[in-house]
Every structure is written in structure tokens, then in C-alpha cells.
2 protein chains.
Amino acid sequence: MRVYLDNNATTKIDPIVKVKMQPFFEELYGNPNSLHKYGMEVRPHLNEALGSMYDSLHAADEDDIIITSCATESNNAVLKGIFFKYILSNPEKNHIVTTSVEHPSVIDTLMFLSGHGVDVTYVDVDHEGGISANAMKAAVTDKTVLISMMWANNETGMIFPVDEVGAFAKEKGILFHSDAVQAIGKVPVNLSKTDVDYLTFSAHKFHGPKGIGGLYVKKGKALPNLFHGGEQMGGKRAGTLNVAYIVGMGLAMKQAVGHVEKMNSDVRRLRDKLEDAIAKIPDTIVVGPREKRTPNTLLVSLRGIEGESMLWDLNKAGIAASTGSACASESLEANPVMSAIGEDPELAHTAMRLSLSRFTTEAEIEYTIEVFTKAVERLRSISSTYAYTNEVA
Amino acid sequence: MRVYLDNNATTKIDPIVKVKMQPFFEELYGNPNSLHKYGMEVRPHLNEALGSMYDSLHAADEDDIIITSCATESNNAVLKGIFFKYILSNPEKNHIVTTSVEHPSVIDTLMFLSGHGVDVTYVDVDHEGGISANAMKAAVTDKTVLISMMWANNETGMIFPVDEVGAFAKEKGILFHSDAVQAIGKVPVNLSKTDVDYLTFSAHKFHGPKGIGGLYVKKGKALPNLFHGGEQMGGKRAGTLNVAYIVGMGLAMKQAVGHVEKMNSDVRRLRDKLEDAIAKIPDTIVVGPREKRTPNTLLVSLRGIEGESMLWDLNKAGIAASTGSACASESLEANPVMSAIGEDPELAHTAMRLSLSRFTTEAEIEYTIEVFTKAVERLRSISSTYAYTNEVA
């Protein structure tokens, strides 16, 4: 049996999305900016896809949805756009507030900009892996130009207080960016209700293709382009349009948002079943109360087991899970979320993330429970660390 | 009959490239950075694709080929990377030399950077639409940090003196960037022979998918990332890899480079046949000597005819051609190349570009000659401008 439980890293393409993209790899290959038939015949499909995205996010017609190549591009576009528009010319407004558990595309971009005069405050998560709205507010100064806070965390699934922080930012005249990559299709993301100036999303996290994403920009909040060049996307993001993937993303988002209920009933039930079984294993800690998390995610710390060994045992049995960061698992560094919530650095290495999708089945979860439990037993039986820990206790 | 003669704007996907990409929209959906089977099983395919690109470009193993989402991204990455690495901290090295007929992703990026302290010299084309190596050299000053010159022009197909300018830049210790989007698959691009520090390419110009491109970076010439974030591409371009398109681009480039001979025999013969026929129509000017151009391209000025009307007539007959810029034809501005070579601004609007591919057939060219000739006759018969011009002459 093969079981894919790494859906916060990437997801399989919804089969109907795949079918929808095919004509654009065949006869519908025109450049939509061309004035001839080949160009014109693809435009209605682009319009339909963009319409789906506006509807899915409840974006206003006068706002922009700019198609990008991935969430990393969207996050770089916002932060570097803020740098060029506000900070480079006015060091009196050089402060950005964010969290210590943002995606690397936020953290690393801010680290880079710190070398060019940007002052960043990283707000830590609490012991549950959550972010306190009050802590975010307290970090703001007279120099703050932007708050960047993800909608839901990739590691823990913890949902962050976007409503409260967004309203606060609006009141204070501070720009607000949220990386909603892990939220769309899992919790309602309604931009007519939540005050957000910039919102990042990525198709491959909701069963669309890899290599396409988007950036919502509220009316009047335009930033300098990350990609200068042609007039595509109303002059806001140059580059020939990836028609196939835009069409795919439009349908994938519609499908994902249409399945939010299923995620919060069926998928949540499966996740909870898995979580209950894992929590019964001695010396395990699940991070964050389940009702405060996205319905598909589970991050567990396993005392006395190396993440790598656990991954290996699961992998041998056909189960894909993750340790370390969602998108760059090769690095195998101490899990930043686990460190932030105050776990022992040694324990941090044992953080295992299991993330489900709407395609996950009951049989897959039952199989995973069996394999996971046996793997923990086996690895502890050969672990000097775990034996040592037990003797001390 | 439908005839696609707008291959400098975009191309159809080679059918074998399409087939090659399919598994990555289906079972091979893993994130290559994941440590489990789903991740590991896609890596050999990525390695094969990158290997094809290194071979096709004759890049050295120690150089980088960084996958991007398009040529626009590659060009922005080079120019903004140069800005951050050299210019922002040292205004004594703030000069960039380029040509007045670069792609908008170069021109507009430089215009943007000009607002932040970058000094740019734009070298004009000569009456043939060519660039003189001596003019490029003469534009260099003590402050020059970069020369950016395309390998072949998108409008005219004119091939620019990359060998001479590259060797000169190397000798002077100036960095050299070439946008080779219109060269790959049309003329030999051999990086073991031509001195280039940065080279831009894009899959959809050589029968690969839209939304994927690349940037070659010579060893030791790394620039700050345009995308900061995860460790993908050796930490040089963050963002989850678009596996399907990378695999597609690898094969498409191999195919394109493998067909350079065919381009310079069969396709060149068809282009010349079309050119000869069009040149016979009175009051037409073909820009640039054909032996100095890429073998697939033809830019012609038609006195007394509006580009839009001509496009419309061709389009009604199923023929796709282009006026204005290759990638943003919606704008319909006076063609920059035609203006640069000194044509009357009114005539500039009549510039028509016909660009063939290795899939263009003899029958298509014969049909185009017939339709094109009749369209010119029809439009001139109803053109007040043309009648007026004739009377004056």
C-alpha cells in the first residue's frame, strides 16, 4: 500500500484539473496577448479561471489577483515591493513585523532585506504553536510599514489570528500581508470579511499543478513589480502567461474551496482518528489543540526517536510523511516550530508531520496507524537515547 | 487552413514533450525535495532534464543552470541581482550598457532601476537593425558593471555580435548578460565558445511549455536571488520545482538544438521563399540582410497599410502573424525596432513579423504567399494614405 500523508508539502493533481489543462498543451497553444485567433481563443478560458479565483476568495472586482509562478514569488513580490516603494527612500518607515515561524520565502527574504536597512521583528509562537494577536500588536512601532503573518502554519496547522491582526493593521494604517498557502481549501478564506491587503496562494497545495500561484492585492495597494517587462496582468507581473496552469489553478481552487466542508468533516475525522491512535503511544506530544488547527494536519514529537529513522521506516512501508520544513525537507534542521514552542533541541529532530488531503481514505489511515505504532516500538527498542531517558525518569 | 507564423511570440508544444510531461501530472506528483519515495522517484527525471540543458548549451559542470518561471524572471533576476550586489552599495559602479531593442523585460527593468540610481546607456541599432560591437564598446565607461545584449532580436531576427562583445567584456572585467530567448534552436549557442556570464532562455520559444525558463550563471558570478526562500536550485532560486515543465523543457531544448541544422536548411528555405514573394510586392521593405538573421524570421514594412488591418485580413484567412512587440502585441505601439532603424513613425505601424518553426510546411507557406499578396492589394485599394503617397511620388 502507498499512503501519501505529506499534503502540506505538495498534493496530487485533481484528475479533473489534469483533464482541464490538456487542450492547452495541444491545439490551444496561442499566446493570450496575441491579436490573432490563436491568442483570442484562449482568453475566455483565462477569464473563467480568474473568475473562479475571485469568487473563491470573495475578492472585489476592483482588487487585483496577480498570477505568479509560486507562493515564494508572491511573498518575495510583496516584501521586495514594500522595500522599493517605502523603505529604500524613507528609512523612517523601515520596520516590518512578522512571526518566527513564517515560510522560508518570508523569513529568508526578510533576512536579505535586513542587510539593506530593513528592521524586522519576529514574534514567537506560544507553547501551543499559536500566535497571539496581542503580541503582534505590541511589536508594532511608529516605523512599522507592514505586518506579514501567515493564515495557517505549515508545520502545525495552527490557525493564526488574521481577523484581529488584519483589523488592527487597517485601523493603524499599516499594510497587512498574509501567506494563505496552507489555509485555502482547509478553512474559509473570505476577503470580504478579513482585512488583508496582500494574500499569497499556491496551486500545488490544493491539488493544482506545481509552478503556479497568486497574489491578491487590494485596490490602491499596488507595489512595484517583482517582474518588470511586458503588459501581462495589467502591467503588474510581466511574463508570458502559463495558460494551462492558470486554467488548472482556477478549477483546482474552485474544487478546493468547494470541499472545505468535507475537509472539516470527513478529513478532520480521519486526522483525529490518526491523532487519537498516535497520542496513545507513550511519550508523544501533539502540538496545538486540534480545534485551533487546519483539519488535515498533525505534528507530533516522539521522544527518543530520530526523525530520519522514523521517516525511513514509514517510507519502507510506503507511507510518505515529513520532518523538518514542509518544502525543503532535505535540510533536516531542527524543526523551527518545535524550537519556537520551547521543545528540547534534541526532541525537535523527532517532529513528524502527517498531513492528509480529501483523497485520503479510511483504509490508508488504518494502515498508517498500524505501521506508525510498530515503527515507534521498533525504533525505541534499539534507541540508546530512549532507554537512557527511561532510566533517568 | 490554419497557419501559425507567430513562433517568435510562442510556439506549439512538441508532441513528444507533451507525452513526456504526463506522468508528472499523474502518479509522479512528489515534491523532489521530500525525503520519501514520492520525492525521490522524481529526482532522476529532473537530473536527466538538467543534463540535457547542460549538454545543449555546452555549459561547464561547475556553472549553474537555474530554472526560472520564464525569461522575464531570468532577466529581472540578473538586472536586480546586479543592482543589489553592486550598485546599491557602490554608486561608483552604477552603469549598465544595453541596446535600445532589448525585450521589455530588460528595458522596463532598467527603466525601473534608473529611478534608483542606475545609469543606463541604450545603444541604437543601425539601418539594418543590427548592433555594432564597436558601438557597444564605445558606450562602456569606468563605471560600467554590466553589458546586457540579446543574442538575436525578437522582431527582426538580426543576430547580434555576442562573441565580440563577450570577449571584450571579459577582457575589461565587465559582466556580460545575453538574452538568448530567440537564439536557442535557431543558431548555435555554445557557451564553451562564447564568453557569457549570464544567459536567459525560455522553453515556450522552442516548443516547450509556457511558464518555465532558465538562467545560466557562470561559476563565480552568482548574484543575490530574485526569489529568496527554500533551498531549491542549490539555494539560488527558491520555490517548489515545477517538475513537469522542467522535464518538458529538458526534452524540448534537446529537440530544438538537435534541429538547428533543419532550421538552417528546410525552415530557412521556406522563410526565404516567403520573403522573396513578399519582396516582390511594390513598396515593401524587409528589415536586415537575411544571412544576418535567424533562419525563421521576417520583418517587413508595408507602405500605406495599417498593421492592424493587415493582421485582421490574415487572421480571417486563418494565418497568425504579429505586429508590434512579440510578447505584448496588445499594446500596438509603434514598433521599437522600426523606429530605431529610422523608419517614419507612420510606417512603423505597418511592420509585420512572420516567424516560422520546424513544424511549418511548404503548403502553409504557399497559402500564406497567396493570402498575403491579396491582402496587401485589397488594403491598398481602400487606403487613402497609399493613394496619397503614390500621387506625391
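It should be noted that the structure appears before, not after, this text.
Criteria and cut-off values
- Residues numbered from 1 in each chain as written.
- Chains lettered and ligands numbered in written order.
- Predicted model: local features only at pLDDT ≥ 70, side-chain atom pairs only at ≥ 80, totals over all residues.
- Heavy atoms only, no water.
- Helix = DSSP H or I, 4+ residues; strand = E, 2+ residues; numbered from the N terminus.
- Rg over C-alpha atoms; globule rule 2.2 N^0.38 Å.
- Buried < 20%, exposed > 50% of the residue type's maximum accessible area, 1.4 Å probe, protein only.
- Contact = heavy atoms within 4.5 Å.
- Areas by Shrake-Rupley, 256 points an atom, 1.4 Å probe, with all protein chains shown as cover.
- Lys, Arg positive; Asp, Glu negative; His and termini not counted.
- Charge placed at Lys NZ, Arg CZ, Asp CG, Glu CD.
- Pairing = 2+ DSSP bridges.
- Axes fitted to C-alpha atoms, helices over the stretch in contact; angles between N-to-C directions.
- Buried area = accessible area lost by both parts, 1.4 Å probe.
- Salt bridge = Lys/Arg side-chain N within 4 Å of Asp/Glu carboxyl O.
- Polar contact = N/O pair within 3.5 Å; in protein donor to acceptor, adjacent residues only side chain to side chain.
- Bend = angle between axes of the 7 residues up to and from the residue.
- Core = buried A, V, L, I, M, F, W, Y, C linked by side-chain atoms within 4.5 Å.
- Least-squares fit on C-alpha atoms with pLDDT ≥ 70 in both.
- Parallel < 35°, antiparallel > 145°, perpendicular 65-115°, else oblique.
- Left-handed = near helix turned anticlockwise from the far one by under 90°.
- Phe/Tyr/Trp six-rings, centres within 6.5 Å; stacked < 30°, edge-to-face > 60°.
- Lys NZ or Arg CZ within 6 Å of the ring centre and 35° of its normal.

Enquirer: Can you help me understand the overall build of chain A in this one?
Expert: Summing up its helical and strand segments, chain A has 14 helices and 12 strands in all. Radius of gyration (C-alpha) of chain A: 22 Å, near the 21 Å computed for a compact globule of 393 residues. Looking at the 393 residues of chain A, the share that counts as buried comes to 64%. Of all intrachain contacts in chain A linking residues separated by at least 6 positions in sequence, the fraction that spans at least 24 positions is 73%. Roughly 13,800 Å² of accessible area belongs to chain A as shown, and the carbon and sulfur atoms make up 52% of that amount. Charged side chains in chain A number 39 positive and 49 negative. The centres of these two groups are separated by 5 Å.

Enquirer: What is the right way to read the sheet that holds strand S9 (residues 284–286) of chain B from this model?
Expert: What holds strands together in a sheet is hydrogen bonding between their backbones, with the strands either parallel or antiparallel. Residue and element names in this part refer to chain B. What the three strands build is an open sheet, ordered S9-S10-S12; its pairing is antiparallel. With one partner strand each, in any of the chains shown, S9 and strand S12 (351–355) form the two edges of the open sheet. With strand direction ignored, the average angle separating the axes of adjacent strands in the sheet is 25 degrees. Running over the sheet, helix H9 (residues 260–279) touches S9, strand S10 (297–302) and S12 and is turned about 10 degrees from S10.

Enquirer: Sorry if this is basic, but what is going on with the interface of chain B and chain A here?
Expert: Where the parts come together, the accessible area they lose is often given as the size of the interface. Taken together, the contact between chain B and chain A spans 73 residues of the former and 73 residues of the latter. Summed over both partners, the interface of chain B with chain A comes to about 6,300 Å²; 60% of that surface belongs to carbon and sulfur atoms. The interface formed by chain B and chain A holds four salt bridges in total. Its salt-bridge partner being Glu 41 of chain A, residue Arg 2 of chain B comes within 3.0 Å of it at the nearest N-O pair. The interface formed by chain B and chain A includes 29 residue pairs in polar contact (both at pLDDT 80 or more).

Enquirer: Explain the sheet that holds strand S12 (residues 351–355) of chain A to me, please; I cannot follow it from the model alone.
Expert: All names here are of chain A. Strands sit in the order S9-S10-S12 across an open sheet of three strands; the sheet is antiparallel. Looking at strand neighbours, the two that pair on one side only are strand S9 (284–286) and S12, the edges of this open sheet. Direction aside, the axes of adjacent strands within the sheet are offset by 25 degrees on average. Where strand S10 (residues 297–302) and S12 come together, five bridges link them in antiparallel fashion. Of the residues in S12, the one forming a bridge with Leu 299 is Arg 353. Packed on one face of the sheet, helix H9 (residues 260–279) meets S9, S10 and S12 and runs near 10 degrees to S10.

Enquirer: Any chance you could explain H9 of chain A here in plain terms?
Expert: Since there are 3.6 residues in each turn of an α-helix, residues three or four apart along the chain are aligned in direction. Residue and element names in this part refer to chain A. The largest bend in H9 is about 35 degrees, located at Arg 268. All of the buried residues along H9 are Val 260, Met 263, Val 267, Leu 270, Arg 271, Asp 272, Leu 274, Glu 275, Ala 277 and Ile 278. On its buried face, H9 is in contact with helix H8 (243–258), S9, S10, S12 and helix H13 (362–381).

Enquirer: I would appreciate a short explanation of the nonpolar core in the present structure.
Expert: Looking at soluble globular proteins, one finds that nonpolar side chains tend to be buried together. By size, the foremost hydrophobic cluster in this structure holds 186 residues, and its most contacted members are Leu 199 of chain A together with Leu 199 of chain B. In this structure, Leu 199 of chain B is in contact with Leu 57, Trp 151, His 177, Ser 178, Ala 180, Ile 184, Val 189, Leu 191, Gly 214, Leu 215 and Tyr 216 of chain B, ignoring residues within four places of it in sequence.

Enquirer: Hey, could you run me through the relation of the copies chain B and chain A in this one?
Expert: Superposing the two chain copies requires a rotation about an axis and a translation along that axis. Note on the copies: chain B fits chain A at an RMSD of 0.0 Å, the axial shift is 0.0 Å, and the rotation between them is 180 degrees. Considering both components of the superposition, the chain copies are consistent with a two-fold axis. Residues of chain B ranked by C-alpha distance from the rotation axis are headed by Ser 69 of chain B, positioned 3.0 Å from it. Of the interface residues in chain B, 100% have counterparts in chain A that sit at the interface too, so the contact is made through matching surfaces.

Enquirer: What am I meant to see in the packing of H9 of chain B against helix H13 (residues 362–381) of chain B here?
Expert: The relative placement of two packed helices is expressed as an angle between their axes plus a distance between the axes. Residues and elements named next belong to chain B. At a closest axis distance of 10 Å, the pairing of H9 and H13 adopts a crossing angle of 15 degrees. One way to sum up the angle between H9 and H13 is to call them roughly parallel. Relative to H13, the crossing made by H9 is right-handed. On H13, the residues that touch Arg 269, Leu 270, Lys 273, Leu 274, Ala 277 and Ile 278 of H9 are Glu 362, Ile 365, Glu 366, Thr 368, Ile 369 and Phe 372.

Enquirer: Which parts of the structure should I look at to understand the packing of aromatic side chains?
Expert: The description of an aromatic ring pair uses the distance of the two centres, along with the angle that the planes make with each other. Following the criterion strictly, the structure yields 18 aromatic pairs over all chains and no others. Aromatic side chains Tyr 29 of chain A and Tyr 4 of chain B sit 5.0 Å apart centroid to centroid with 80 degrees between the ring planes, which places their arrangement in the edge-to-face category. On the criterion of chain membership, the pair formed by Tyr 29 of chain A in the loop between helix H1 (15–21) and helix H2 (37–40) and Tyr 4 of chain B in strand S1 (residues 3–4) is interchain, its members lying in two chains. By relative accessible area, Tyr 29 of chain A is classed as buried at 10%. In this structure Tyr 4 of chain B comes out as buried when scored by relative accessible area, which is 6%. Stacked on the ring of Tyr 38 of chain B, the Lys or Arg Arg 2 of chain A has its end atom at 4.2 Å from the ring centre.

Enquirer: How should the pairing of strand S7 (residues 198–202) of chain A be read in this particular structure?
Expert: A regular strand places its side chains on the two faces of the sheet in alternate fashion. Residues and elements named next belong to chain A. Of all five residues in S7, five are buried, a share of seventy percent or more. The alternating pattern of S7 places Tyr 198, Thr 200 and Ser 202 and Leu 199 and Phe 201 on opposite faces, both of which are buried. Looking at chain direction, strand S6 (residues 175–179) and S7 are connected through three bridges and run parallel. The residue of S7 that forms the bridge with Ser 178 is Leu 199. Alignment of S7 against strand S8 (residues 213–217), held across five bridges, turns out to be antiparallel. Each residue of the ladder has a partner; that of Phe 201, found in S8, is Gly 214.

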